[in-house]
Protein chains: 2
Amino acid sequence: MVTQCQTKEPGRRERRKEETRRQIFQAAMRLFERKGVHDTTVEEITKAADVGKGTFFNYFPSKEAIFSALAERQMGILDRAVERAQTAASIRPVMIEMAKELAAGPGRSQIMLRSLLGLALNNKMLFELFTRVLAKGRERVGIIVARGQELGEIRPELDPEKVSRCLQHTIFGTNFIWAASKPSDLMAWHERSLDIFWRGIATEKGLTNKQGGTKK
Amino acid sequence: MVTQCQTKEPGRRERRKEETRRQIFQAAMRLFERKGVHDTTVEEITKAADVGKGTFFNYFPSKEAIFSALAERQMGILDRAVERAQTAASIRPVMIEMAKELAAGPGRSQIMLRSLLGLALNNKMLFELFTRVLAKGRERVGIIVARGQELGEIRPELDPEKVSRCLQHTIFGTNFIWAASKPSDLMAWHERSLDIFWRGIATEKGLTNKQGGTKK
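Residues numbered from 1 in each chain as written. Chains lettered and ligands numbered in written order. Predicted model: local features only at pLDDT ≥ 70, side-chain atom pairs only at ≥ 80, totals over all residues. Heavy atoms only, no water.

### As for helix α7 (residues 124–150) of chain A
Residue and element names in this part refer to chain A.
Okay, step 1: Its 27 residues place the ends of α7 39 Å apart at the C-alpha level, agreeing with the 39 Å of an ideal helix rising 1.5 Å per residue.
Okay, step 2: Between the side-chain oxygen at the start of α7 and the backbone nitrogen of M125 there is a gap of 3.0 Å, and the oxygen is on N123.
Okay, step 3: Looking at the residues trailing α7, positive phi occurs at G152, about 80°. (Helix = DSSP H or I, 4+ residues; strand = E, 2+ residues; numbered from the N terminus. Expected span 1.5 Å × (residues − 1). Polar contact = N/O pair within 3.5 Å; in protein donor to acceptor, adjacent residues only side chain to side chain.)

Okay, here's the thing in structure tokens:
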């Protein structure tokens, strides 16, 4: 509850809380990166974040709840992509940028991405979070696809929602296979996969737009 | 050890063994379909297959080892696709058929596919099996892609191995997202995804081949 004469004080308190939350989140991500989620304990996270163990539970109800912070981050990336698409001359680079940004967090290590995708499939709470984020993500990307159709870059006969879901297949599949293969450059795979995907949905204009250069 | 004068007897014994193995495999798959892998016990599998519990371990060292049988099945599908590609007039339907056949086993239910993909990522033994099958699969599909290039259907400048891996992204991504979304027709999603993928790699000839009809 904030009364008007207190605006300055809580602002600072809020910022400090936000900072602690960020610290815990980043410490957790660094540990997940090295050891996977399963083998990382809350104690290790709080130690690495330099906060008391009790403090952790003021911010996150469980280790798995860390992923609600990751989910928010991913939704933010999608929102910004939707925004960029509104003024972009071509949505091809917007899509590629978006896919790479989405992969950058979870794709910090193969171990982390493996345990993340595994948890998304096996942990009930995370599964529900994951399906919600997937559904929201499809809705956002659908807006971007429709914008690409307005620009004449994407074939008008395609259903934006279906294209959006097929793009999710490509992005998640690229992450999944990367996590389960010999070490390689995840971002280069996203570029290759999305180049094929773009050609698959583009009009002649979409293929020849100057931002639409190809990569093998 | 088979001596020449015993050829008939062991043939029958071998067939019976093969039959029992198939029975156990199918009973396990039916249970995984309903309950997932984690919540299915070996006792339930042997009961459903109508064999003694000890018998199970004569065929499979563990519940997870059931998946080596699934892996063999998937490799068989890939081998047959390679064979079909040698004589096919267009490899587009060969690819679509292959993707659907690969998905048909694991995709018998969302619960089963979820626990399967989750195990592939989290169980060390299954992860190794999975990466081996992925690598072999890429090699097989690379042969099919090269055949498509010979036929003039796939752009000659593309690297067959990279196209093959990108196809894995699409196929696995389609399965993964299906397993984590509201119930829907998995095979229809494979067709949509592969239609985009095909357009993404095809030459003009590949797009207009009479077997290359499109689907939205």
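### Some thoughts on the relation of the copies chain A and chain B
Okay, step 1: Of the transformation superimposing chain A on chain B, the axial component is 0.0 Å and the angular component is 180°, with the fit at an RMSD of 0.0 Å. On this basis, the relationship between the two copies can be described by a two-fold rotation axis.
Okay, step 2: When the interface residues of chain A are mapped onto chain B, 100% of them again lie at the interface, so the same face is used by both copies. (Least-squares fit on C-alpha atoms with pLDDT ≥ 70 in both. Contact = heavy atoms within 4.5 Å.)

### Remarks on unusual backbone geometry
Residues and elements named next belong to chain A.
Okay, step 1: Despite not being glycine, D50 shows a phi value in the positive range, around 60°.
Okay, step 2: Summarising the element assignment, D50 is placed in the loop between α2 (42–49) and α3 (53–59).
Okay, step 3: By relative accessible area, D50 is classed as exposed at 69%. (Buried < 20%, exposed > 50% of the residue type's maximum accessible area, 1.4 Å probe, protein only.)

### Some thoughts on the packing of α7(A) against helix α8 (residues 160–179) of chain A
To characterise two packed helices, one gives the angle between the axes of the helices and the distance between these axes.
Residues and elements named next belong to chain A.
Okay, step 1: Between α7 and α8, the shortest axis-to-axis distance is 8 Å and the interhelical angle comes to 120°. In terms of their interaxial angle, α7 and α8 are classed as oblique. In the crossing of α7 with α8, the sense of the turn from one axis to the other is right-handed. In this structure, α7 uses F130, L134, G137, R138, V141, G142, V145, A146 and Q149 to contact α8, whose residues at the interface are P160, V163, S164, R165, L167, Q168 and F172.
Okay, step 2: Across the contact of α7 with α8, the residue classes tally to nine nonpolar, five polar and two charged. (Axes fitted to C-alpha atoms, helices over the stretch in contact; angles between N-to-C directions. Parallel < 35°, antiparallel > 145°, perpendicular 65-115°, else oblique. Left-handed = near helix turned anticlockwise from the far one by under 90°. Nonpolar A, V, L, I, M, F, W, Y, C, P; charged D, E, K, R; others polar.)

### Here's the deal with the domain arrangement of chain A
Residues and elements named next belong to chain A.
Okay, step 1: As assigned here, chain A comprises domain 1 (4–59) and domain 2 (66–212).
Okay, step 2: Put simply, the middle of domain 1 and the middle of domain 2, counted by C-alpha atoms, are 28 Å apart.
Okay, step 3: The partner domain 2 presents twelve residues to the 14 residues of domain 1 that form the contact.
Okay, step 4: Remark: the boundary between domain 1 and domain 2 carries two salt bridges. (Domains from an automatic or database assignment. Salt bridge = Lys/Arg side-chain N within 4 Å of Asp/Glu carboxyl O.)

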